[in-house]
Structure formats: C-alpha cells, structure tokens
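Each chain, written out:
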Amino acid sequence: MDATELMIRHTVVGLIQANCYIVGSRRTGEAICIDPGDEVGEVQALAREMKVSIKKIVCTHGHLDHIMAVRALQEETGAPYLLHADDLEIARRMPASAPRMFGRHERPSPEPDDFLAHDDTVGVAGVDLKVIHTPGHTPGSVCFYTDGVLFSGDTLFQGSVGKFDSPDGSFERIMISIMSRLMPLPEDTVVRPGHMDQTTIGFERRHNPLVQQILEAMRAR
C-alpha cells in the first residue's frame, strides 16, 4: 500500500474528549472509522471534508466513550462494525453506563458484524489495518497499525498508559502488551492514541516512566 495514498484525520468527540479517526484512501475514496465514540454528525462532516465514504467501523475496545456513536454511524453508512470478542460484554453494558457517567440514555450498540483477532488485517479498498491485540486496559483492547502509524486506543498514551485499575483492567497485562507488541515497532512509528496528543514509539521508549520502569527491571535481571 502506498503511504501517500492514505489520508488520516481525527475529530475529538464526547465529554471525555476521545479521538475518533478516519483513515481513507485518496485513490478509492473508501475509509475506515476508528472509535466513533459520540457526535456522529462531526464524524460524518469530517468524512465529507475528506471526500471519503466510511465502509467499515472498528473499535479499539468496548468502553462507551469509544462506541456510543457506532449505531448511528452504522445506520447512516451501512458499514459493518468490528470489535474484539473479549470486549463484547463490556460493549453490551454501555446503555447502563451512559446515564451514570453522562446523565443521558443511549440505545444499545449493535452486535458486531465480525470480530477482530490478533494479526488480522481489516481492509477497504486502498486501506489495510493490521490488528494488534493488546489486553490490559480491557481484555479485548486492540491497536491498529498501518504504514508507520499506530492507532493505540487506550493502551498507550504520550508519557502514560491506559487505565488498568478497573475490574476489566490489569497492570501486568497492559505492560506485557506494550512491551512485547508495541515497543518492538520502529522508533519513528507515530502513535495516534484514543485521547490527547500523538507521540512516537521512540519517545515512549525513552521517556514513558512506566516503560522505563519495566526496562530497568529487565536490565537488573
């Protein structure tokens, strides 16, 4: 795939300010939407600005701030929706969580049309995303990789990692995921996280305190 063919844009949606990404092909006009967490109108406006049609919807994990607009976006586009099977029950809890967290009622997300698995490739014409299963923030958390860009969801942030102290999370699992599956990526890999600003794998190797803690423990063995 020609990297110059790719267009990557994002919009920040919802009260928790989640990053929703659209990855599209200049050549074909087809696109994948990653984590439509809210504000479907903003997501569709971005797609129109990019001159692409959303042909697939994928979510890095099942938390409500990453999936709340899936139903509305699917109704507008007809695009199939994909999620890792290990987060299916988390996604099903979304209607019960929304009133408590946001003071509003939401319709249930649709059931996934298919499930994501490690090393899968999710594609539309002109765009291919490699699936990297990174459990820890949730059991079914995944990242997507294409042409030197990693969409890290809530697994890896600039100088930090995703929340792991919920009943669904695990510090040990998220650090194993980061160290074994993300840190081996090339240093210049651009990391586009689920919240806040982008970073690179090289920066996180050198400056992320939790990554440094694990590296020092490994060196001490």
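Residues numbered from 1 in each chain as written. Predicted model: local features only at pLDDT ≥ 70, side-chain atom pairs only at ≥ 80, totals over all residues. Heavy atoms only, no water.

**A short note on the overall build of the protein chain**
Within the protein chain, the secondary structure is distributed over eight helices and 14 strands. Taken over the C-alpha trace, the protein chain has a radius of gyration of 17 Å; the compact-globule value for 221 residues is 17 Å, and the two agree within 12%. Taking the principal axes of its C-alpha atoms as reference, the protein chain extends roughly 55 × 45 × 25 Å. Burial status across the protein chain gives 52% buried among its 221 residues. Of the contacts formed within the protein chain by residues at least 6 apart in sequence, a portion of 61% connects residues at least 24 apart. A distance of 1 Å separates the average location of the 22 positive side-chain charges in the protein chain from that of its 31 negative side-chain charges. (Helix = DSSP H or I, 4+ residues; strand = E, 2+ residues; numbered from the N terminus. Rg over C-alpha atoms; globule rule 2.2 N^0.38 Å. Buried < 20%, exposed > 50% of the residue type's maximum accessible area, 1.4 Å probe, protein only. Contact = heavy atoms within 4.5 Å. Lys, Arg positive; Asp, Glu negative; His and termini not counted. Charge placed at Lys NZ, Arg CZ, Asp CG, Glu CD.)

**Comments concerning the pattern of salt bridges**
Overall, the coordinates contain 12 salt bridges when judged by the stated rule. Here Glu111 makes a salt bridge to Arg92, at a shortest N to O gap of 2.6 Å. Within this pair, whereas Glu111 is found in the loop between α5 (94-102) and β6 (114-116), its partner Arg92 is found in helix α4 (residues 88-92), the two being separated by 19 residues in sequence. What makes Glu111 partly exposed here is its relative accessible area of 42%. Through salt bridges with shared partners, a single network forms among Asp38, Arg104 and Glu106. (Salt bridge = Lys/Arg side-chain N within 4 Å of Asp/Glu carboxyl O.)

**Describing the packing of aromatic side chains**
Taken as a whole, this structure holds two aromatic pairs when the rule is applied. Measuring from ring centre to ring centre gives 5.1 Å for Tyr21 and Phe151, while their planes differ by 65°; the resulting arrangement is edge-to-face. On the criterion of sequence distance, the pair formed by Tyr21 in strand β2 (residues 18-25) and Phe151 in strand β10 (residues 149-153) is long-range, its members being 130 residues apart. There is no split in this pair, since Tyr21 and Phe151 are both buried. (Phe/Tyr/Trp six-rings, centres within 6.5 Å; stacked < 30°, edge-to-face > 60°.)

**Observations concerning the sheet that holds strand β4 (residues 53-58)**
With respect to topology, six strands assemble into an open sheet ordered β1-β2-β3-β4-β5-β6, the strand pairing being mixed. The open sheet is flanked by β1 (6-13) and β6, the only strands paired with a single partner. For this sheet the average axis-to-axis angle between neighbouring strands, irrespective of direction, equals 30°. Of the strand pairs in this sheet, β4 and strand β5 (residues 81-84) are connected by two bridges, and their pairing is parallel. Within β5, the position partnered with Val58 by the bridge is Leu82. Strands in contact with helix α3 (residues 70-77) are β3 (30-34), β4 and β5; relative to β4, the strand with the most contacts, it is inclined by about 145°. (Pairing = 2+ DSSP bridges. Axes fitted to C-alpha atoms, helices over the stretch in contact; angles between N-to-C directions.)

**What to know about the nonpolar core**
In this structure, Ile22, Val43, Ile54 and Tyr81 are the most contacted members of the largest nonpolar core, which totals 28 residues. Tallying contributions element by element places helix α1 (residues 40-50) first for this core, with five residues. Apart from the residues lying within four places of it in its own chain, the contact partners of Ile54 are Ile22, Ala31, Cys33, Val43, Gln44, Ala47, Leu73, Thr77 and Ala79. Membership of the second largest hydrophobic core comes to 17 residues, among which are Ile32, Val124, Leu129 and Val149. (Core = buried A, V, L, I, M, F, W, Y, C linked by side-chain atoms within 4.5 Å.)

Read these as spatial facts, not as claims about activity.
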